[in-house]
Amino acid sequence: MPTQKKSPPKHIAIIMDGNGRWAKSRGLQRWEGHQAGAESVKAVTEGCIEAKVEYLTLYAFSNENWNRPKDEVDALMKLLERFLKKKSKELKENNIRLQAIGNLQDLSPGALKALEKTIEETQDNTALTLILALSYGAREEIVHGVKGVLSDINDGKLDPSKIDTEKFSEYLYTARTPDPDLLIRTSGEKRLSNFLLWQISYAELFISDKLWPDFSKEDLLEAIEDFSDRERRYGEV
Ligand code: FPP
């Protein structure tokens, strides 16, 4: 009997790691590694559309990243702004809807404006939802969710006896988004780095040794293939 392939993941989350090492190995500046990393973003969004993945969440800037040297933080903000301005047309042409999660108000004014504009212009697109995690930290997101719950209880909008995991999920930045089925991290590191800690409870993990700027569409398709070959049991037998 032919073996049946499982469906592709509905939602892939990626910790894009290794831009700095990629640059260093070529004698380049760190920001040049981030710039090269932006090209891999294009490759994986194409791969997701090809494989009919519906959601892609990318860890583009963590809360901890604010502690990097000012030059690097400025370069990342500029890169984000340029990426959004330059790719906005491509996102529209490829029917990609852009969304973002995190403390977006902390972004540079230019990056925030470009982000809000692109989110608005792409809101009705349907081929893929691309979610950028920016100034994001999972623990902060959970605390933010708890505050939302308390505020709704205080206002009489939420009955405490109605709180369960599903209800609490509605108070996270990712409300209305299915949980990731597959989490990919590049550069061989095996850490979660405060990324989507609540949402990845049942996600399959795929660690790639490739540095993020070297991660190609083919690498993404290989990770999807690997996922589809696995048996997911959610703790059952
Ligand atoms: C980790 O590499 C990567 C980041 C901190 C930033 C991710 C940003 C991009 C891929 C580019 C821009 C993305 C968009 C959406 C415009 P690292 O610097 O920690 O690498 P290292 O561990 O080798 O030093």
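Before any of the text, the structure's been laid out above.
Residues numbered from 1 in each chain as written. Predicted model: local features only at pLDDT ≥ 70, side-chain atom pairs only at ≥ 80, totals over all residues. Heavy atoms only, no water.

**Student:** Teacher, can you tell me more about the pattern of salt bridges here?
**Tutor:** Side chains carrying opposite charge are able to pair once their charged atoms draw close together. Under the defined criterion, the tally for this structure stands at 18 salt bridges. Note that D159 and K162 form a salt bridge whose closest N and O atoms lie 3.6 Å from each other. Exposure remark for K162: the relative accessible area of 52% places this residue in the exposed category. (Salt bridge = Lys/Arg side-chain N within 4 Å of Asp/Glu carboxyl O. Buried < 20%, exposed > 50% of the residue type's maximum accessible area, 1.4 Å probe, protein only.)

**Student:** Would you mind going over the site of the ligand with me for this structure?
**Tutor:** The local shell around the ligand holds 16 residues, among which D17, G20, R21, R30 and R68 are the closest. N19 has a polar backbone atom sitting 3.2 Å from an oxygen atom of the ligand. In this structure, R68 approaches the ligand through a side-chain N or O atom, which is 2.8 Å from an oxygen atom. Here the ligand has 620 Å² of accessible area as a free molecule, and 91% of this is covered by the chains. Listing elements by their share of the shell around the ligand, those giving two or more residues are α1 (19–25), α2 (30–50) and α3 (70–93). (Near = heavy atom within 4 Å. Polar contact = N/O pair within 3.5 Å; in protein donor to acceptor, adjacent residues only side chain to side chain. Areas by Shrake-Rupley, 256 points an atom, 1.4 Å probe, with all protein chains shown as cover. Helix = DSSP H or I, 4+ residues; strand = E, 2+ residues; numbered from the N terminus.)

**Student:** Could you clarify how one ought to interpret α3 in this entry?
**Tutor:** Think of an α-helix as 3.6 residues a turn; residues three or four steps apart then line up on the same face. The end-to-end C-alpha distance of α3, which contains 24 residues, comes to 35 Å, matching closely the 34 Å that a straight helix rising 1.5 Å per residue would cover. In the structure, α3 departs most strongly from a straight axis at K87, where the bend amounts to approximately 50°. Buried within α3 are the following residues: E72, V73, L76, M77, L79, L80, F83, L84, K87, S88 and L91. In this structure, the buried side of α3 is in contact with α2, β2 (55–62), β3 (96–101), α4 (109–121) and β4 (128–136). Once α3 finishes, N95 follows within two positions and takes phi at roughly 60°, a positive value. (Expected span 1.5 Å × (residues − 1). Bend = angle between axes of the 7 residues up to and from the residue. Contact = heavy atoms within 4.5 Å.)

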